[in-house]
Amino acid sequence: MIFTYGTIHSVIFCLINKFSFLSLTILIITLWLKLILSYNLGFKYLKNETIIQYLGLIFVVDILRFYIWLTALFGNKIKWKQNYFILKKNGELTINHNS
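Residues numbered from 1 in each chain as written. Predicted model: local features only at pLDDT ≥ 70, side-chain atom pairs only at ≥ 80, totals over all residues. Heavy atoms only, no water.

Draft legend 1. Seen up close, unusual backbone geometry. The backbone of K47 sits at a positive phi, close to 60°, despite the residue not being glycine. With respect to the element layout, K47 can be found in the loop between α2 (21-45) and α3 (57-74). In this structure, K81 is a non-glycine residue whose phi angle is positive, near 55°. Secondary-structure assignment places K81 in the loop between β1 (77-80) and β2 (83-87). (Helix = DSSP H or I, 4+ residues; strand = E, 2+ residues; numbered from the N terminus.)

Given below as structure tokens:
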């Protein structure tokens, strides 16, 4: 999870350490690596020229992924096609007829 949400962890680290030099350095390195790796993968290897236009959205996607992960971690409601399910504390999955 450290590598999956590196941007989020770097921002949290900056907030905890009150934007110290070390935390800002780690944040800058993380953001720089994320941009460089995304550019290399999208433009050089996959030959996708539109990646340059949307390179800034990579950080928005990181935040959105983290929000979805948190919602899934602490939530108990599931929508699958047209059905709604509730995950009970004992691990049982039941259909929710109210939604």
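From this point, things continue past the structure.
Draft legend 2. Quick peek at the packing of aromatic side chains. All told, the structure shown has 4 aromatic pairs when counted by the stated rule. Both rings, one in Y5 and one in F66, keep their centres 5.3 Å apart while their planes meet at 70°; by these two values the pair is edge-to-face. Residue Y5 is located in the segment before α1 (6-16), and its partner F66 is located in helix α3; the two are separated by 61 residues in the primary sequence. For Y5, a relative accessible area of 11% puts it in the buried group. For the pair Y39 and F43, a centre-to-centre distance of 5.2 Å together with 20° between the ring planes defines the contact as stacked. With a gap of 4 residues between them, Y39 and F43 both fall in helix α2, about one helical turn apart. Linked through ring pairs, Y5, F66 and W69 together constitute an aromatic cluster. (Phe/Tyr/Trp six-rings, centres within 6.5 Å; stacked < 30°, edge-to-face > 60°. Buried < 20%, exposed > 50% of the residue type's maximum accessible area, 1.4 Å probe, protein only.)

Draft legend 3. Expanded view of the pattern of salt bridges. Across all of its chains, the model carries 1 salt bridge by this definition. Across the pair K34 and D62 runs a salt bridge whose closest N-O atoms are separated by 3.3 Å. In this pair, K34 sits in helix α2 while D62 sits in helix α3, placing the two residues 28 residues apart along the sequence. Note on K34: relative accessible area 22%, which makes it partly exposed. (Salt bridge = Lys/Arg side-chain N within 4 Å of Asp/Glu carboxyl O.)

Draft legend 4. Local environment of a nonpolar patch on the surface. On the surface, a nonpolar cluster with roughly 490 Å² of combined accessible area is contributed by I29, W32, L33, I36 and L37. Structurally, L33 can be placed in helix α2. (Patch = residues over 30% accessible without salt bridge, like charges linked within 9 Å, V, L, I, M, F, W, Y side chains within 5 Å. Areas by Shrake-Rupley, 256 points an atom, 1.4 Å probe, with all protein chains shown as cover.)

Draft legend 5. Spatial organisation of the pairing of β1. Bridge count for β1 against β2 is 4 bridges, and the pairing is antiparallel. For K79, the partnering residue across the bridge sits in β2 and is Y84. (Pairing = 2+ DSSP bridges.)

Draft legend 6. Main features of α1. Along α1, the positions that sit buried rather than exposed are G6, T7, I8, S10 and C14. Trailing α1 by a residue or two, K18 shows a phi angle of about 55°, which is positive.

Draft legend 7. Looking closely at the sheet that holds strand β3 (residues 93-95). Taken in spatial order, the 3 strands of this open sheet run β1-β2-β3, and their pairing is antiparallel. The two strands at the open ends of the sheet, each matched to only one other strand, are β1 and β3. The mean inter-strand angle of the sheet, taken between neighbouring strand axes irrespective of direction, is 30°. (Axes fitted to C-alpha atoms, helices over the stretch in contact; angles between N-to-C directions.)

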